[in-house]
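Below, each chain spelled out in residue letters.
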Amino acid sequence: MTAETVKYEHPPSPSRSSPLPVPPLIETPSADKTVEMAKLVRESFAAVETKAEELSQYFYGVLFSVSPDARALFPINMATQRNRLLRALVYVVQMVDRPDELATFLGQLGRDHRKFDVLGRHYDAVGVALIAALKRFLKDDWTPELEDAWVTAYGVISKNMREAAGKEIGPAWWKATVVEHRLVTRDVAVIKVRTEQPLLYRAGGYVSVEVPQRPRMWRYFSPATAPHDDGTIEFHVHAVRGGWVSRAIVHHTRPGDVWRLGPSLGALSVHHTESRPLLMIGGGTGVAPLLALLDDMSRWKNNPPVHLFFGGRRPEDLYALDELRGLTVTCPWLTVTPVTEEGTIAGGDRGTLATAVTQRGAWKDRDVYVAGSPSMIRATIAKLLAAGTDLARIKYDPFTLD
Ligand SMILES: Cc1cc2nc3c(=O)[nH]c(=O)nc-3n(C[C@H](O)[C@H](O)[C@H](O)COP(=O)(O)OP(=O)(O)OC[C@H]3O[C@@H](n4cnc5c(N)ncnc54)[C@H](O)[C@@H]3O)c2cc1C
Ligand code: HEM
């Protein structure tokens, strides 16, 4: 891997806040039509999924020939990105029949895309490239009905994003300077940054981050602290095997580095007026948004009981356990149970988080917060549902794409 370094000299420019014009053409289809459209989109994409690599290459080829200036929005080395945009795009378009779930996410995604300098015409170009690529790879299976379904579905999704971006008048990104970098395990670092202008985020949310070692490779990270008056934010980053950005952050970040942060996204939050007891389940650095929620709650006089399970493979992976145990002293409403798959910890459980949590029942009286890697979230939710937990009570950020 080569480290490329860029410096950001300017704060977010006001021109980035100018509204994106939204084409008036797309009318929101009826619920029945939307269900049929999503079915056509999903079935047709399943037929070309095995050719995703070639489809993606063709998509980018068309995109950059229709809109050459769009190339500058993407990382220099596209091969390292594993087709992030196309994968994400198709994943989201396939969910067009879940408008209520998608509405908040698309608004956040549209506002977040301003950090890429995306313009209205880029949305049109992406739509053209998407349809051209599907048409080419579906060959004789490409029908006028299919074209109508994809064009409408893409139109609905992109309209939501463009509208939200157009209404946003805040900065597209915030400049943040690294003030501290601590390696807390072999492959996890705690990084504290300070923003010049206050970053508006909610405890439990996540933001996208670009670091100078990896220009234009934005990744999502969850602040581990609630917003503080001094503008500092803490991130916990796990270096994943072969990871471009996470490894650079964990092993090459230095105080003084200047990061860019996107606007806040995410669905995890605690409403202080609701007093249902909470069950929190955090795997590895997935504990970060839960710590932010606890940091926020610790400033309130009254809180519901919270039981947090913090899991990792080995005892040394539970890097935040001392901090959590310290919190139980000042926050009598908090109980912490460490869980490891190997080795033992005093007062802890042995096994996977999913097993440790569900062997104590279905937690029917609780709202449940789950955060961690996509596989950990999937396994934990599956086991909770099998144990009888109500899906409506489980909160997690579902739009994870890796
Ligand atoms: C909502 C959200 C919040 C997140 N918050 C945090 C956080 O607070 N701390 C944190 O460390 N990470 C967090 N992540 C994960 C982070 O965004 C990156 O996906 C991760 O750091 C890998 O990026 P990379 O560039 O190093 O890996 P890439 O170069 O993109 O991928 C390299 C390899 O790693 C695999 N991989 C990618 N992501 C993961 C993962 N999460 N776990 C295991 N393997 C993976 C890929 O499949 C690929 O094989 C969050 C992700 C989401 C979607
Ligand atoms: C309906 C429209 C769109 C949807 C649903 C969408 C969705 C997404 C999502 C979810 C990601 C994040 C993936 C990740 O990094 O984990 C992403 C990345 C990205 N999107 Fe979009 N997007 C849309 C349109 C556009 C347009 C019009 C552009 C401008 C050309 C654009 C440019 C990008 C770029 C540059 C990235 C980062 C890609 C990378 O890192 O390789 N997107 N998109």
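Residues numbered from 1 in each chain as written. Chains lettered and ligands numbered in written order. Predicted model: local features only at pLDDT ≥ 70, side-chain atom pairs only at ≥ 80, totals over all residues. Heavy atoms only, no water.

- Taking an unreviewed UniProt entry as the reference, the protein is identified by name as nitric oxide dioxygenase belonging to Amycolatopsis roodepoortensis.

1. Remarks on the pairing of strand E6 (residues 258-261)
And step 1. Where strand E1 (residues 174-183) and E6 come together, four bridges link them in antiparallel fashion. Paired with Trp-174 across the strands is Leu-261, a residue of E6.
And step 2. As paired strands, strand E3 (residues 207-210) and E6 are joined by two bridges and run antiparallel to one another. For Glu-210, the partnering residue across the bridge sits in E6 and is Arg-260. (Pairing = 2+ DSSP bridges. Helix = DSSP H or I, 4+ residues; strand = E, 2+ residues; numbered from the N terminus.)

2. Digging into the nonpolar core
And step 1. Ranked by size, the top nonpolar core spans 47 residues in total, and within it Phe-59, Leu-63, Leu-130 and Trp-150 carry the most contacts.
And step 2. Elements supplying a minimum of two residues to this core: helix H1 (31-48), helix H2 (52-66), helix H3 (84-93), helix H4 (99-112), helix H5 (120-138) and helix H6 (144-167).
And step 3. If you tally residues by element for this core, the top one is H5, at ten residues.
And step 4. With residues up to four places along the chain from it excluded, the contact list for Leu-63 reads Ala-70, Phe-74, Ala-125, Val-126 and Ala-129.
And step 5. The next biggest cluster of nonpolar side chains, apart from the first, holds 30 residues, and it includes Ala-203, Met-280, Leu-308 and Leu-324. (Core = buried A, V, L, I, M, F, W, Y, C linked by side-chain atoms within 4.5 Å. Buried < 20%, exposed > 50% of the residue type's maximum accessible area, 1.4 Å probe, protein only. Contact = heavy atoms within 4.5 Å.)

3. Considerations on the sheet that holds E6
Paired through their backbone hydrogen bonds, the strands of a sheet run either parallel or antiparallel.
And step 1. As summarised here, the arrangement of the six strands in space is E4-E3-E6-E1-E2-E5, forming an open sheet in which the pairing is antiparallel. In this open sheet, the two strands that pair with only one neighbour each are strand E4 (219-221) and strand E5 (232-238). This sheet shows a mean twist of 40° between the axes of neighbouring strands, independent of strand direction.
And step 2. Both strand E2 (residues 188-195) and E5 contribute to a ladder of seven bridges, which runs antiparallel. Of the residues in E5, the one forming a bridge with Arg-194 is Thr-232. (Axes fitted to C-alpha atoms, helices over the stretch in contact; angles between N-to-C directions.)

4. Some points on the side chain of Thr-225
And step 1. By the element assignment, Thr-225 lies in the loop between E4 and E5.
And step 2. Reaching out from Thr-225, the side chain makes a polar contact with the backbone nitrogen of Glu-234 at a distance of 3.1 Å. (Polar contact = N/O pair within 3.5 Å; in protein donor to acceptor, adjacent residues only side chain to side chain.)

5. Let's talk about helix H9 (residues 321-330)
An α-helical turn contains 3.6 residues, so a residue and the one three or four places further along point in the same direction.
And step 1. Burial in H9 covers these residues: Leu-321, Leu-324 and Leu-327. Projection of H9 onto a plane perpendicular to its axis shows the buried side chains occupying an angular sector of 120°, all on one side. Exposed residues pointing more than 90 degrees away from the buried face of H9 are listed as Asp-322, Val-329 and Thr-330.
And step 2. Buried positions along H9 lie against helix H8 (287-297), strand E8 (306-312) and strand E9 (334-340). (Arc of directions from axis to C-beta.)

6. Section: the packing of aromatic side chains
The geometry of an aromatic ring pair comes down to the distance between the two centres and the angle between the two planes.
And step 1. Enumeration according to the criterion identifies eleven aromatic pairs in this entry.
And step 2. On the basis of an interplanar angle of 75° and a centroid distance of 6.2 Å, the ring pair of Tyr-58 and Phe-137 is categorised as edge-to-face. Taken together, the residues span a long stretch of sequence, with Tyr-58 in helix H2 and Phe-137 in helix H5 at a distance of 79 residues.
And step 3. A residue is classified by how much of its surface remains accessible, and Tyr-58, at 29% relative accessible area, is partly exposed.
And step 4. On the numbers, 5.6 Å between centres and 65° between planes, the contact of Phe-64 with Phe-74 is edge-to-face. Here Phe-64, found in helix H2, pairs with Phe-74, found in the loop between H2 and H3; they are ten residues apart in sequence, far enough to count as distant. (Phe/Tyr/Trp six-rings, centres within 6.5 Å; stacked < 30°, edge-to-face > 60°.)

7. A few points about the site of ligand 1
And step 1. Around ligand 1 sit 20 residues, and of these Arg-219, Tyr-220, His-236, His-238 and Ser-246 come closest.
And step 2. The contact in question runs from an oxygen atom of ligand 1 to an N or O atom on the backbone of Val-245, over 3.0 Å.
And step 3. With respect to ligand 1, the side chain of Ser-246 contributes an N or O atom lying 2.5 Å from an oxygen atom.
And step 4. Taking 910 Å² as the accessible area of ligand 1 by itself, protein coverage stands at 77%.
And step 5. Those elements that provide at least two residues to the shell around ligand 1 are E4, E5 and helix H7 (244-252).
And step 6. Considered class by class, the residues forming the shell around ligand 1 number seven nonpolar, eight polar and five charged. (Near = heavy atom within 4 Å. Areas by Shrake-Rupley, 256 points an atom, 1.4 Å probe, with all protein chains shown as cover. Nonpolar A, V, L, I, M, F, W, Y, C, P; charged D, E, K, R; others polar.)

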